[in-house]
Amino acid sequence: MLHNLLQSLDAIHPFPRAEAHCDIPCKIYDPSTALIAALSVVRLMDIMKEKSEGGDMTSLATRNSVARCVMRKEEEAEKVKHEVRIIWGDYFKAPQFEAFPDASNVVHKIMLLGGACKQGVNRADGEALVDAVNRFAEMFWATKGIKTTKKTCPYPPSLEVVYPVL
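Cut-offs used in this document
Residues numbered from 1 in each chain as written. Predicted model: local features only at pLDDT ≥ 70, side-chain atom pairs only at ≥ 80, totals over all residues. Heavy atoms only, no water. Salt bridge = Lys/Arg side-chain N within 4 Å of Asp/Glu carboxyl O. Helix = DSSP H or I, 4+ residues; strand = E, 2+ residues; numbered from the N terminus. Buried < 20%, exposed > 50% of the residue type's maximum accessible area, 1.4 Å probe, protein only. Phe/Tyr/Trp six-rings, centres within 6.5 Å; stacked < 30°, edge-to-face > 60°. Expected span 1.5 Å × (residues − 1). Polar contact = N/O pair within 3.5 Å; in protein donor to acceptor, adjacent residues only side chain to side chain. Core = buried A, V, L, I, M, F, W, Y, C linked by side-chain atoms within 4.5 Å. Contact = heavy atoms within 4.5 Å.

A. Highlighting the pattern of salt bridges. In this structure the tally under the stated criterion is 10 salt bridges. Note that E76 is salt-bridged to K79, the shortest N-O span being 3.5 Å. Separated by three residues within a single helix, E76 and K79 lie in helix α3 (residues 60-91), roughly one turn from each other. According to the relative accessible area criterion, E76 is buried, its value standing at 5%. Judged by its relative accessible area of 34%, K79 is partly exposed.

Printed below as a string of structure tokens:
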């Protein structure tokens, strides 16, 4: 009954959409989502280059593929920025900033590179984004007392990624 009442009220005057992660300290933070998104940005840039160099750009199918890659690249770059902002804003406190005084500069660099990747298709920007997120991941895991290792990811774009040693 209460559910029906709320639905009726929402139909008349929609409730604002609520999203959060993580204003309640759930302690579930992991930079791996940002790393995968950064790798996706580079891979999407590679696919767009492959399509534009090897395909008929007048073909509707090729233009569709490139347009879809552009859309996903922008979404993934924004995901990088979102995930890093959450960890930086909600998890990093005085002890983390004391251990890593350059944390805010690294985050700012990620924000700028994420924006550059949304705006363009320069693979070097994408690689720099992965490198910056790797640095952020190293700092994050160090604050947890967890060692990290760098390994080449087992899929394209085959870049080095920071993994926690568990």
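B. Representation of the packing of aromatic side chains within the structure. Counted according to the given criterion, the structure contains six aromatic pairs. Ring centres of Y91 and F92 lie 5.7 Å apart, and the angle between their planes is 85 degrees; on these two criteria the pair is classed as edge-to-face. For Y91, a relative accessible area of 12% translates into the label buried. Note on F92: relative accessible area 3%, which makes it buried.

C. Representation of helix α6 (residues 123-143). Helix length check: α6 (21 residues) gives 30 Å between terminal C-alpha atoms against 30 Å at 1.5 Å per residue, within 8%. Restricting attention to buried positions, one finds in α6 the residues G126, L129, V130, A132, V133, N134, F136, A137, M139, F140 and W141. For α6, the side-chain oxygen to backbone nitrogen distance between the N-cap and A124 is 3.0 Å, and the N-cap itself is N122. Positive backbone phi, approximately 75 degrees, marks G145, located one or two places after α6.

D. Examining the nonpolar core more closely. Ranked by internal contacts, the top residues of the largest apolar core, which has 41 residues, are V80, V84, I87, I110, L129, V133 and F136. For this core, the secondary structure elements donating two or more residues are α2 (32-54), α3, α5 (103-119), α6 and β2 (160-164). Of the residues forming this core, the biggest block, 10 residues, is contributed by α2. Excluding its chain neighbours within four sequence positions, the residues that come into contact with V133 are A34, L35, A38, V80 and I110.

E. Here's a closer look at unusual backbone geometry. Residues P156 and P157 are joined by a peptide bond in cis, for which omega reads 20 degrees. In this structure, P157 sits in the loop between β1 (148-152) and β2. Even without a glycine there, the phi angle at S158 is positive, about 55 degrees. Residue position: S158 is located in the loop between β1 and β2. For S158, a relative accessible area of 43% translates into the label partly exposed.

F. Focus on α2. Over its 23 residues, α2 extends 32 Å from the first C-alpha to the last, a length consistent with the 33 Å expected when each residue adds 1.5 Å. Of the residues making up α2, those classed as buried are A34, L35, A37, A38, L39, V41, V42, L44, M45, D46 and M48. Buried residues along α2 sit in contact with α3, α5, α6 and β2.

G. Structural context of the environment of T33. Inspection of the secondary structure puts T33 in helix α2. Note on T33: relative accessible area 34%, which makes it partly exposed. Separated by 47 residues in the primary sequence, T33 and V80 have C-alpha atoms spaced 7.5 Å apart. Not counting residues up to four positions away in its chain, the partners in contact with T33 are K79 and E83.

Purely geometric numbers; function is a separate question.
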